[in-house]
Every structure is written in structure tokens, then in C-alpha cells.
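Architecture and fold: a report
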Amino acid sequence: MNEHKQPPMPGGFGAAGSGKFEKPVAKTSEILRRLWKYLCKFKWQLILALLLCVASNVLALVGPKLSGFAIDAIKPGKGQVNFPSVFHYAILMIIFYVASSILGYLLSALMIKLSCRVVNRMRRDAFDKLTTLPVGFFDKHQTGDIISVISYDIDTINTSLANDLPQMLTSVITVVVSFVMMLTISVKLMLVFVLTIPMTIVYTRYRSKKVRPLYRRRSEKLGAMNGFAEETIGGQKTAKAYSREKVFIGRFDRKNKEAVDANYEADCFASITGPMVMFLSNLSLALISILGAILFMAGSITLGNISSFVLYSRKFSGPINEFANIISELQSALAAAERVLRLLDEKPEPEDVPDAVELRDVKGNVELRNVTFGYDPEKPIIKDLSLSAPEGAVIAIVGPTGAGKTTIVNLLMRFYDIDSGTITIDGLDIRNVTRNSLRLAYTMVLQDTWLFHGTIFENISYGKDGATLEDVMNAAKIAKIHNYIMSLPDGYDTLLSDDGINISKGQKQLLTLARAILLDSRILILDEATSNVDTQTERRIQNAMLQLMKGRTCFVIAHRLSTIQNADSILVVSNGSIVEQGTHSELLSKGGFYSELYYAQFESY
Amino acid sequence: MKKVMQYVRPQLGKISFQLAIKLSANIVELLLPWMLSYILDNVVPTGDMRQVFLWGGLMILCAAIALIGNVIPNRMATKTSRDITESLRHDLFEKVMNLSSSQTDRFTVPSLISRLTADTYNVHQMIDRVQRMGIRAPIMVLGGTIITLTLDPVLTLILACTLPLLGFIIWYISSRGIPLYTEVQGTLDSLVRKVQENMTGVRVIKALSKSEFERDKFGKANDEMFEKERRAGMLMASTNPVMNLILNIGLTLVIVVGAFRVNAGLTQPGKIIAFLTYFTLILHSLMMISRMFVMVSKGISSAKRIEDVLDAPDDMVVNECDHVDSEYHIEFKNVSFSYNKKKENIADISFALRRGETLGIIGPTGSGKTTIISLLLRFYDPDSGEIRISGDKIEGIEPEKLRSKFGVVFQNDFLFADSIRENIDFGRSLSDEQLEKAAKTAQADFIFEKENGFLSLLTSKGSNLSGGQKQRLLIARALAASPEILIFDDCSSALDYKTDADFRRALSEELSDTTTIIVAQRISSIMGADKIMVLDEGRIIGYGTHSELISGCRSYQDIFEIQMGKRADR
């Protein structure tokens, strides 16, 4: 029932989905504003971090000055050293450095805690968001894409907050303090920076502008290659069966080449930055040497001035180097934040209407009147469908593949809202009841079995809070899966994991059936519930199925017509509308579409 | 690392060239502070302006040389690592495609995928960074140390004392930190699983109104992740302050010891200043090495994972041709096989088909139906017994030649994000007529109704098609090259009975010369076959035509009655 769900994606292989969250860049200020919302919950900690950062860096920057005093106390010549002064400054230096390191550690610890908190909250928000999104979202988005938002993107933000932000603060403080120190030493020597600072700024700006698209391209291409590898390795057997290994290797090579080339281009550019900034720093050094020498000869500064100036100018250009790196890190964090925010911005399932009622004591009268629906409203899949299922009736829905059978289930459960018409339960329009109570009125067993990483007990009792082991065992017995479970070494405590014990598709269906048996809602939906169970087992669970169906309104979707012969009413759906309706014998004697379908199963070609 | 080093070796010439350039550039750079002190100590006292500009100009020149001498090797390094990664990835992918199925089972598909993606990425990063920073940092340490030795050997001793201490700290923190990060990775895996489960199970979760419950569960895993991340982060956070502290205490010691030496007349204060400059430089480089350390250890563990795959032996050897004349097209003689070599998955399977005959295989899940097909395609070699095609033992046929005889549809087969045409053609360069004919026989008429027909694009795994459409596309793929043997493994389960019957009719009319094996759950799919095999727990419990089995095989009768209801007479 997937057709028309999504328009074909542009781009070839693997590229599908990798570009999902890569829409045009949102305004940086907007992203920052929203990130701030997360951070401002930790306002006080942030202020503390800021203070720590300033204190630790200023303490560290005092060091050179102290060392200068200590060196001043070392007078050249035998026996000229002023030891008390040297020791005095040496002890002061150690005190300052120890204090600075402790504060530095506290700062990192604080920032790490803070960023972990922020990320923890962000992850939770993202997941909570996921649980509120309509089913349609999941039909349209690739799991891998969402996972990479929750893991990779959020992780990037984490690193950025914990490392880059303090680093940036440090840099700013170092630059400011060094600048002030240099100013106090010699204003004239500062002339040097009139040349180098604008060069640095121009270069940094140029670079970040240039690098951002290159990095984006790099992740895009890498994503495309990963996607292709994932797809193809999954189909390795098929490629082998058709001896197409070479073809796929050739295609992989193309993807690989594109990925490494994009990487090369981005890295190439990035690899210039380090040397470039070193160059600017060395250039300053050379200019300071020349200018310093001239000024010294003119007698306006001392040798000691030049040497401290050089020390600070080194400190000054170091952070600018860091800055260039940090900015590119921050950009990747911003791109990541953008993807996270986009997920958070997805429209959730609309709220229940304000005066929505809880559906209580459901009897199970379900009625559809003139229902029209399409995943794409332009292309309706269900057209003007009406049907009524009175309390306790068994309604079977049959029809060729793609006729809209599963869509009807989507509408009954309100996974999608209908475009026009009405659906009622016990006379209440389902749009006027709460979604939770509506969905709890149904028990659903689907063709696609869903089991999660947990014990068998947890999986069976999933729908019923407080189910006892006894309840679960009874349900499993009815579903004829109890003996199998008991044959496992850990019985009901066996952990169902991806790679652990090997349970077949059929056994999975029986487990989900047991889950359904535990529930006591009034309406039952069986969508190809036993399609993967082999015939003998199906016969064994037939009683269980009958028991499950007894006294409930049932919607049964099945290919195997033998399973639905006893239905009270059979709807034959074709192209979204009901073409025939009646009991098995009525429809057979009519000799229409149903009888054609029915007899087809006996044709023995 | 050995194997990965083989990829590095051809580039060694370039790498050493790079190293040479970088070495000289960095030495030039190391000269700069020395030149400054030369200007101040020797030129300025002479008051010669021209000399100042001369030396100043020389410094600028040196700075420019250092720039060029670093940019060129960096560029070359990215190019080398690009080339290494490209060929490493190519070979890995090729190897993965050529792994035998039992090897693939052993590695598991997700693990192979992550080796090909994440691990090659880590190795790439390692090679790149080691070339770029791994050369500069040691040169700085080495060059700096040599210069300090010429300045004052005794003060160099202080430096020598801090080095092992710093080395110990790097070792201590990373040996503690890496396991902590491995734990973080593990928790992240469970978070990812939770997200995955919620996305695939969204209908069930919503139907049971368990969103709240799922949120709580995720919240717990999330909090655990928070705790572990915090612990790892706290440890790593101590690296910088501790190293800074040691560096600065070393500096202070240099001053104090220097003071004694100056007092004894063994050195000058100016040298102490220069010493301090170089000291800082060396320790900064050491910090760089420590940062690289994490990346290298990550890269090495990834390289090991890649090598595991590359080193896997070729275990499907082509034996000598073994031919006996036979009237049969496909022949199984007493074939037994076990995946884990403990419990047999199929035992003592024998059957023979003439050209053009059809075999239907039916039996409960896990009875060994798919295993028979895997053996026929030689994804696995049987433990005992033999399989022949046209009298040739399949172990003696070139894999390419063997598989070109088949057209196969597996359960949950593989569709990819490309055009419908490409999905059917599957890289075989078939003609349009062949594709259209195959699509018609496969009842895939929906293709013709699509706006772009054969050029319509599929999404990944064909998720924009319904189950039945996917199966018909796959059938068309199997038919398109007119193979001599067709294999359908439960490939019509999503087709309604009518489409299924139409397909089988078309098949028998148009491909009467093709030997066909059909595995199915539905009895109607195989009822008309020339031979039907009923399997249970890996053994044949019934073999014959429909009418033979209906009277002679209890299980077959059961299946028939259940599926066909009371219409056994028909």
C-alpha cells in the first residue's frame, strides 16, 4: 500500500533520502536564537563558566609578565642574581599556574556537564517529537536519516558546546588581554598589526565562506556512497546470483571517487589554513623585528619591551589560528543544529479537537460514509467509500494488490485523516473523540510484525499494563507459541535481539498474535495477520483466531480466500471503491470479480 | 595495520618527498626567533638601517618559504590519503562483493556496511592527519630540542624530565578514556535501536497508545547515555589543564635553575628567554601529538576491522570440471548441508529435473526450502552429496558461467534507488524489447501505466511500490535475460491469486523450455508443477505430481485441505 506515498526522488542511487534534511540554509541568527533557548535554561551555569573562563585565562596570561619580572631579577654576571626576588616570582608563578589549571579544569568539567545536559534534553525533545508525529511522516522519511539526526548531528552539537565554545572564549580573552598588554608596551609597535590583522580577518572570512559549501558537499557525497554501500551489500546475494558483482563494483567506484574527491577539495582548502595563519604570525614577527629595531635605534623602546611584545604577539596570533578552525567546527555544528531544529519543527499530529470525548464502553458499530482519501489529495486512492460494520460483524476486505485495503485500516485508526466523508464508531464521528481512546478501541495485527529489543514476556505484554506471567502464558498457549518459547533456554525471559536467537517470520507473527490476544478491545483488525504462518500452524491457531474474533467487530484483510469464507460480509475493493459486497456464497453465485479471484487460486498453471 | 600499510607503500616516495619539503620548511621556521635575537643582539648595536631591512626582509622570505613549504606537502598529503582511501575502499568493496555467503553470514551485513563506511573513514582521517600533523609535530619537538641543547644542555635536562611525565599522562588518560568512549558508543547503539524500533513500529505504538511508555524508555537510555558521556568527558577534560600545569611548572623550574646557572656564570639571561620560547613550542607540539593519539588509536582499530575482511580467504574454489553424461538438467544426489555444522538444515535431498520441467517446493517455515536454492546457486557448498547441472558438477563450473544460467527472485529481494529500467536490467545491458517482454510476462503492467514508464524512479528498497508491484518487478528481472533455469523463492506471496495465476499461465506458455523451481507457501502456486517436493525439517516427506501426492502424502493433503477448503474435488 505504498504507492503514491511519495514522489520519486531526484538524483540517482543512494542519494535518495540523504538529502532529506539538507534543504536551503536557514538564517544563522535564527538557528542561534533557538539554540540559545536550550542554553538559557542553564543561564547561571553559563555565567559561572564565563567567570571561570575569564579568571583562568587572565591568571594564565599573568604568567609571562611574572616570568619577565623573574628574569629581570636575574642580573647577568656571576653572583649578581637576586635570589629572594627570583624565588618570590617563581612561587607566585606556580601559584598562578596551579590556580589557572584548577579553574581551567573546573571550566571544562562545567561545560561538559552543561553540554551533556543540553544534548540530553535535545535528544529527548527530538524523540518526544518523533512520538507525536503522524504516521505519514514515517512513511516518507528514511529511518537512517532520522537516526543520523538523533545520533550524529546531536553529537556534533555536543562536541561543539563542550569544546569549541570555551575555546572560543579563551581565544577572545587571550586576544583582548594580549592586545591590551601590547598597547601598554608600545603603541607604535602596534602599527604592525594595521597590516596583519585586516589580512587575517579577510582571509578568515573568505575561508569560511568558501569552506562551508565544500564541507556540505563532502558530507553529501559521503552520505551517497554510504547509502549505496548499504543498499548493495544488503543485496549482495542477488548481485551474485546475476553475476553482476563487477557492475556494482564499477558503480561503487564512481561513488567512491566522488566522495574522496569532494573530501579532497574540502581538505585541500582546510589544509592551507594552518600554514597561512602561521605565515601571518611569522610575518608579524618579521615586521616587529624591523619596526622594533628602528624604534629601538630611535631610543623609544627597550630590548625587554621588544621581547615581551614578541611573546604577546605570539599569543595574539595563536588564537586567531584557532579561531579559523573553530569557525569551521561551529559551522558544522550549525548545519547539524539546523537538521535537528528541522526535525523539531515537523508538524505533529493535529491536536484532538477541544471538546473531544473519550471513547468509552465501545460496542463496535463502525460506519464509513462517502469516504474519499488520497495520500496525495490530487490522486484519491479511496473514492466515495461507504460501508457499515455492526457490532460483532466480521467484515472481510479483499481485492487485488494496491487496491487500497491497507489504506482503509490507516483511516479507521486515524493514522491519516480522511479528505471528505465521515467515519463513526457507535455513532460518534472519530474526529470528535480523542485519538488515544479511539486507537485503544482497536486491536490490530499486521502483516509486518513488530517486535522490539526486549524479552518475549515484555513483547507479548506490551499492550497491556500489569499483565502477569500467567496471562502472557495463556495468550501464548492460545497462539500455539508457548511450547516453542518454553524450548528456549531462557523461556519467557529470552531476549529478542537482532542477532540473537533465530526466530522465523511465522513465529514472529504468532508472538504478535499472542500480544493481540491479551488485549480486550471491541474491534479487531487483522491485516494479513497470518500470511507468513505455514499452513499447518495456521490450522492449529484457527481456534485461537476464532476465539479472538468472537464477539468483536472484525476487519479481516487476506489474500488467502479460505480464511474469510465465513465472514458476514465480504467487500471486494478495486481501485479504491467497493465493486462487490455480500457473503461468500452470494458473491460466488454472482460470478463477478470475487468469483474470478476465488477460482484463480485453483488454477494450476 | 600490515595490510593497510601495503596501500601506503606505493605512496612512500611521495610521502618522503613531502616529508623532505616539510622538514626544510619547518627548520626555516625554527630559525625565525633566532634571527630576531640576531637582529637585536648583533645588528641593532651597529645602527645599520640597511642591515635591519636586509635581515627583516630575510625573515619575511623565510616566513613565505615556511608557508609554501607547508602548503605544498599538505596538499600532497590530502592527495595521497585520497588515493590510498580510494583504492582501499575499492578493494574492500570488491572483496565484500566476492565474499562467499557463509563468510557474509559470519561478518553479518550491518558489520560489513559499517566497515566499509565508518571504518574506511576513520582510516582516511588517520592517514591524513598523521601525514599533516604527524610530521610537523615531531620535527618541532626534535628541532626545538636540538636548538635548546645548543643553548644550554643542563636546562634541556628539565625538559627531558617533563617528557616522560607527559607521555605517561597521555597514555594513562587515553587508556582509560578509550574504554569509556567504547561504552558511550554502546549506549548510543541502544538509543539508535530505540529510534529505529519506534519508526518501524509507529503504527503498533500508536494503536496501543504506548507513546508515553516509549518516551520513558527512551528517556532512561538517554539519561544513561548522559551519565556515560559525562564520565568520559570529565576524564578527557583533565588532559589540557594537567598538561598545561606540567608545562608551566617546567617553565618555572627553568627560570629557577637558570637563575642558579646565571649566578654561577654558566649562562646568560637572554638564553633563558630563548629557551622559554622553544620550550613552549615543543610542548605545544606534544599536545598536538596527544590529540593525534586518539585519532590514531581509532584508526588502528578500524584498520584491523578492515583487514579482517580483506584477509578472508577465497573459500569457493573452482574445482576441476567433473562431467558425466546425463539426461537431466538439474540433479541433486543425497545432498546434506548445515549452516552451523551442528544441526543439519537439509538432509539427504535427491531429485532430478529434465529440461523444461517445473519443480514446486512446499513446506513449513524453516524446513529448508531456501537452503536448497542457495546450494543450487552455490552460495554454499554442500557438506555431502553432489549437485549437477547438465551433468556438470557445479563445483567445477566457473561461478560467472554457473550463475548466468539462472534467473532468480529471492524472498525480500533487492531493489535500489534508480529507474525501473535499471532495476530490471540490473547492469546487463539488455534491449528494450527484452525488458518489455519480461515485464509483460511478469504481469508488471503497472509500469506501462506510470507517467515515465520504465524511466520512473524507485526510492531506496523500492519503498514507493506496493509489495505486489515489487515482486512483479523482481520477476521481470529474473525473466529478462531468458535464462535456462528460473528460480522463484516465495516471490508471489504479495500477489493476489488472480495475478498469480495469470503470471503462471504466461510463464508456461512463453517459457516452456525453461526449467523452473518454485518455492511457495500457497499450494495453488505449485499445484501444476511437473514435480512437487514436500519438505519438513530438512527432509523430503513427499515427492511426485499433484495427483500422486494428494493420494499418497498426508502432509500434502493437509495443506491442500486447509488452503482449498472443500474444493478438493476440482
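These numbers were taken from a predicted model, which means no experiment stands behind them. Every chain is numbered independently, its residues counted from 1 as its sequence is written. Each chain takes a letter, starting from A, and each ligand takes a number, starting from 1, following the order in which they are written. With pLDDT at 70 or above as the cut-off, local features in this predicted model cover only qualifying residues; side-chain atom pairs require 80 or more to be listed or tallied, and sums for whole chains, interfaces and linings still use all residues. Remark: hydrogens and water are excluded; side-chain values derive from all non-hydrogen atoms of the structure.

**Here we look at the overall build of chain B**
Stated precisely, the cut-off is as follows: In this description a helix means any DSSP run of H or I spanning at least four residues, a strand means any run of E spanning at least two, and both kinds are numbered starting from the N terminus. Here the term buried applies to any residue with accessible area under 20% of the maximum for its type, exposed to any over 50%, and partly exposed to those in between, with areas from a 1.4 Å probe on protein chains only. Throughout, a residue-residue contact means that at least one pair of heavy atoms, one from each residue, lies within 4.5 Å. Working definition of accessibility: Shrake-Rupley area with a 1.4 Å probe, residue cover restricted to the visible protein chains.
Across its full length, chain B holds 20 helices and ten strands. In chain B, buried positions account for 56% of the 570 residues. Within chain B, contacts between residues separated by at least 24 positions form 75% of all contacts whose residues are at least 6 apart in sequence. As displayed, chain B offers around 23600 Å² of accessible surface, 57% of which is attributable to carbon and sulfur atoms.

**Concerning the overall build of chain A**
A tally of regular secondary structure across chain A gives 20 helices and twelve strands. The 605 residues of chain A split such that 55% are buried. For chain A, restricting intrachain contacts to residue pairs at least 6 apart in sequence, the fraction spanning at least 24 positions comes to 77%. Total accessible area computed for chain A in this model is approximately 25300 Å², and 57% of it derives from carbon and sulfur atoms.

**Some words on helix H2 (residues 12-43) of chain B**
Stated formally: Take the number of residues in a helix, subtract one, and multiply by 1.5 Å to get its expected span. Consider a residue and the seven residues that end there alongside the seven that start there; fitting an axis to each set, the bend is the angle between those axes.
Here H2 of chain B contains 32 residues, and its C-alpha end-to-end distance of 44 Å stays within 8% of the 46 Å for a straight helix at 1.5 Å per residue. Of all the bends in H2 of chain B, the largest measures some 30 degrees and sits at Pro33 of chain B.

**A look at the packing of helix H2 (residues 28-39) of chain A against helix H4 (residues 83-132) of chain A**
All names here are of chain A. We count it as follows: In this description, a line fitted to the C-alpha atoms serves as the axis of each element, helices being fitted only across the stretch in contact, and the angle between N-to-C directions of two axes falls anywhere from 0 to 180 degrees. Orientation labels follow simple angle bins: below 35 degrees gives roughly parallel, above 145 gives roughly antiparallel, 65 to 115 gives roughly perpendicular, and whatever is left gives oblique. Amino acids outside the nonpolar list (Ala, Val, Leu, Ile, Met, Phe, Trp, Tyr, Cys, Pro) and the charged list (Asp, Glu, Lys, Arg) are all regarded as polar, and Gly is one of them.
Direction vectors running N to C along H2 and H4 enclose 110 degrees, while the axes themselves pass 10 Å from each other. In terms of their interaxial angle, H2 and H4 are classed as roughly perpendicular. Each of Leu35, Tyr38 and Leu39 in H2 lies in contact with H4, whose residues at this interface are Leu114, Val118, Arg121, Met122 and Asp125. By residue class, the composition of the contact of H2 with H4 is six nonpolar, no polar and two charged.

**A look at helix H9 (residues 239-263) of chain B**
Here H9 of chain B is 25 residues long and its end C-alpha atoms lie 36 Å apart, about the 36 Å a rise of 1.5 Å per residue gives. Of the residues one or two after H9 of chain B, Gly265 of chain B is the one with positive phi, at around 75 degrees.

**Brief notes about the nonpolar core**
Rules: What makes a nonpolar core is a set of buried Ala, Val, Leu, Ile, Met, Phe, Trp, Tyr and Cys residues whose side-chain atoms join them at distances within 4.5 Å. Domain start and stop positions are those given by an automatic or database domain assignment.
Grouped together as the largest cluster of nonpolar side chains are 121 residues, with contacts concentrated most on Leu130, Val366, Leu412, Ile425, Tyr442 and Phe555 of chain A together with Val195 of chain B. When residues of this core are assigned to their parent elements, the largest contribution, 14 residues, is made by helix H6 (residues 153-200) of chain B. Summarising the domain contributions, this core has at least three residues from each of domain 1 (28-344) and domain 2 (352-441 + 522-605) of chain A. Among the nonpolar cores identified, the runner-up in size contains 110 residues, and Met225 of chain A together with Ile420, Leu430 and Leu474 of chain B belong to it.

**Looking at the environment of Ala63 of chain B**
Inspection of the secondary structure assignment puts Ala63 of chain B in helix H3 (residues 49-98). Under the relative-accessibility criterion, Ala63 of chain B is labelled buried at 0%. Each residue touching Ala63 of chain B, except ones within four places of it in the same chain, is listed here: Phe279, Asn282 and Leu283 of chain A.

**A few points about the pairing of strand S1 (residues 330-337) of chain B**
Put simply, side chains in a regular strand alternate between the two faces of the sheet. All names here are of chain B. The cut-off we apply is this: Note on pairing: two strands pair once DSSP finds at least 2 bridges between them.
Among the eight residues that make up S1, six are buried, leaving the element largely enclosed by the rest of the structure. Note: S1 against strand S4 (residues 384-389), five bridges, orientation antiparallel. Opposite Phe332, over in S4, you have Ile387 as the bridge partner.

**Here's the deal with the sheet that holds strand S6 (residues 442-445) of chain A**
The strands making up a sheet associate through backbone hydrogen bonding, with each pair oriented either parallel or antiparallel. Residues and elements named next belong to chain A. Strand order in this open sheet of six strands is S6-S9-S10-S3-S11-S12, and the pairing throughout is mixed. The sheet terminates laterally at S6 and strand S12 (577-582), the two strands that pair on one side only. Averaged over all pairs of adjacent strands, the angle between strand axes in this sheet comes to 20 degrees, irrespective of strand direction. Relative to strand S10 (residues 553-557), strand S3 (residues 394-398) runs parallel, the two sharing four bridges. The partner of Ala396 across the bridge, within S10, is Val556. On the sheet, helix H18 (residues 542-549) packs against S3, strand S9 (523-527) and S10 and is oriented at approximately 140 degrees with respect to S9.

**Things to note about a nonpolar patch on the surface**
Just so we agree on the cut-off: For patch detection, residues must exceed 30% relative accessible area and be free of salt bridges, and they are connected within 9 Å for like charges or within 5 Å for nonpolar side chains (Val, Leu, Ile, Met, Phe, Trp, Tyr). Throughout this description, the term salt bridge denotes a Lys or Arg side-chain nitrogen within 4 Å of a carboxyl oxygen of Asp or Glu.
Residues Phe87, Ile91 and Ile95 of chain A together with Phe260 of chain B make up a contiguous nonpolar surface patch of about 390 Å² in total accessible area. Sorting elements by how many residues they give to the nonpolar patch places H4 of chain A first, with three residues.

**Brief notes about the sheet that holds S1 of chain B**
All names here are of chain B. A sheet is described by the order of its strands in space; here four strands give the open sequence S2-S1-S4-S5, paired in antiparallel fashion. Of all strands in the sheet, those bounded by a partner on one side alone are strand S2 (346-353) and strand S5 (392-393). In the packing of helix H11 (residues 369-376) onto the sheet, contacts are made with S1, S2 and S4, and the angle to S1 comes to roughly 115 degrees.

**Quick notes on the confidence of the model for chain A**
What counts, and what does not: As a per-residue quantity, pLDDT reports the predictor's confidence and falls between 0 and 100.
On average, chain A scores 79 in pLDDT, and the residues at 70 or more come to 87%. Counting interchain partners and residues more than four positions distant, the pLDDT-below-50 stretch residues 1-24 of chain A has 74 contacts.

**Some thoughts on the packing of aromatic side chains**
Let me state the cut-off plainly: In summary, the pairing rule links any two rings of Phe, Tyr or Trp, Trp by its six-membered ring, whose centres are within 6.5 Å, and it sorts them by plane angle into stacked for under 30 degrees, edge-to-face for over 60 and tilted for everything else.
Enumeration according to the criterion identifies 23 aromatic pairs over all chains in this entry. Between the aromatic rings of Tyr242 of chain A and Phe426 of chain B, the centroid separation amounts to 5.4 Å while the plane-to-plane angle is 65 degrees, which identifies the pairing as edge-to-face. Separated into two different chains, Tyr242 of chain A in the loop between helix H8 (236-241) and helix H9 (245-298) and Phe426 of chain B in the loop between helix H13 (420-425) and helix H14 (432-441) make up a pair that spans both. Under the relative-accessibility criterion, Tyr242 of chain A is labelled buried at 4%. Take Phe426 of chain B: its relative accessible area is 0%, and that puts it in the buried class. Plain terms: the ring middles of Trp450 of chain A and Phe452 of chain A are 5.6 Å apart, the flat faces sit at 40 degrees to each other, and that makes the pair tilted. On the basis of relative accessibility, which here comes to 3%, the residue Phe452 of chain A falls in the buried class.

**Section: the interface of chain B and chain A**
Counted only if it meets this: Counting of polar contacts relies on pairs of N or O atoms within 3.5 Å, with two restrictions inside protein: one atom must be capable of donating a hydrogen and the other of accepting it, and residues adjacent in sequence are counted only when both atoms are side-chain atoms.
Facing the 164 residues of chain B at the interface are 165 residues of chain A. Seen at the junction of chain B and chain A, the total is six salt bridges. As a salt-bridge pair, Arg123 of chain A and Glu229 of chain B come within 3.5 Å of each other at their nearest N and O atoms. Counting every contact that joins chain B to chain A gives 23 residue pairs in polar contact (both at pLDDT 80 or more). Broken down by element, the residue count for the side of chain B that touches chain A peaks at 26 residues, all from H3 of chain B.

**Describing unusual backbone geometry**
For Asn370 of chain A, which is not glycine, the phi torsion reads 45 degrees and is therefore positive. Locating Asn370 of chain A in the fold gives a position in strand S1 (residues 366-373). Of the residues examined, Asn370 of chain A reaches a relative accessible area of 39% and is grouped as partly exposed. At Asn334 of chain B, a position not held by glycine, the phi torsion is positive, near 45 degrees. Mapped onto the fold, Asn334 of chain B is located in strand S1. Taking relative accessible area as the criterion, Asn334 of chain B reaches 41% and is therefore assigned partly exposed.

**Some words on the packing of H2 of chain B against H3 of chain B**
Think of two packed helices as two axes; the pair is described by the angle between the axes and how far apart they sit. Residues and elements named next belong to chain B. To be explicit about the condition: Definitions for this section: a left-handed crossing has its near helix turned counterclockwise from the far helix by less than a right angle. A right-handed crossing has that turn clockwise.
Running from N to C, H2 and H3 cross one another at 160 degrees; their axes reach a closest spacing of 8 Å. In this view, H2 runs roughly antiparallel relative to H3, as classed from their interaxial angle. Two packed elements cross with a definite hand, and for H2 against H3 that hand is left-handed. Grouping the amino acids of the contact of H2 with H3 by side-chain chemistry returns 22 nonpolar, eight polar and four charged.

**Some thoughts on the pattern of salt bridges**
The tally for this structure, following the rule as stated, stands at 39 salt bridges over all chains. Asp261 of chain A is paired through a salt bridge with Lys257 of chain A; the nearest N and O atoms lie 3.4 Å apart. Taken together, the positions of Asp261 of chain A and Lys257 of chain A, both in helix H9 and four residues apart, correspond to about one turn of that helix. Of the charged contacts in the structure, one is a salt bridge between Arg369 of chain A and Glu367 of chain A, with a shortest N-O distance of 4.0 Å. Salt bridges linked by common partners bring Glu349, Asp352, Arg414, Asp417, Arg435 and Arg439 of chain A together with Lys206 of chain B together as one network.

**Some remarks on the pairing of strand S3 (residues 358-362) of chain B**
Residue and element names in this part refer to chain B. Counting buried residues in S3 gives five out of five residues, a clear majority hidden from the surface. Neither face of S3 is open: one carries Thr358, Gly360 and Ile362, the other Leu359 and Ile361, and all of them are buried. Here S3 runs beside strand S9 (residues 531-536); their pairing, made up of four bridges, is parallel. Looking across to S9, one finds that Gly360 is bridged to Ile532.

**Quick look at the side chain of Asp500 of chain B**
All names here are of chain B. One can find Asp500 in helix H17 (residues 497-510). By relative accessible area, which is 1% here, Asp500 ends up buried. Look past the residues within four positions of Asp500 in its chain and what remains in contact with it is Ser492, Leu495, Arg522 and Ser525.

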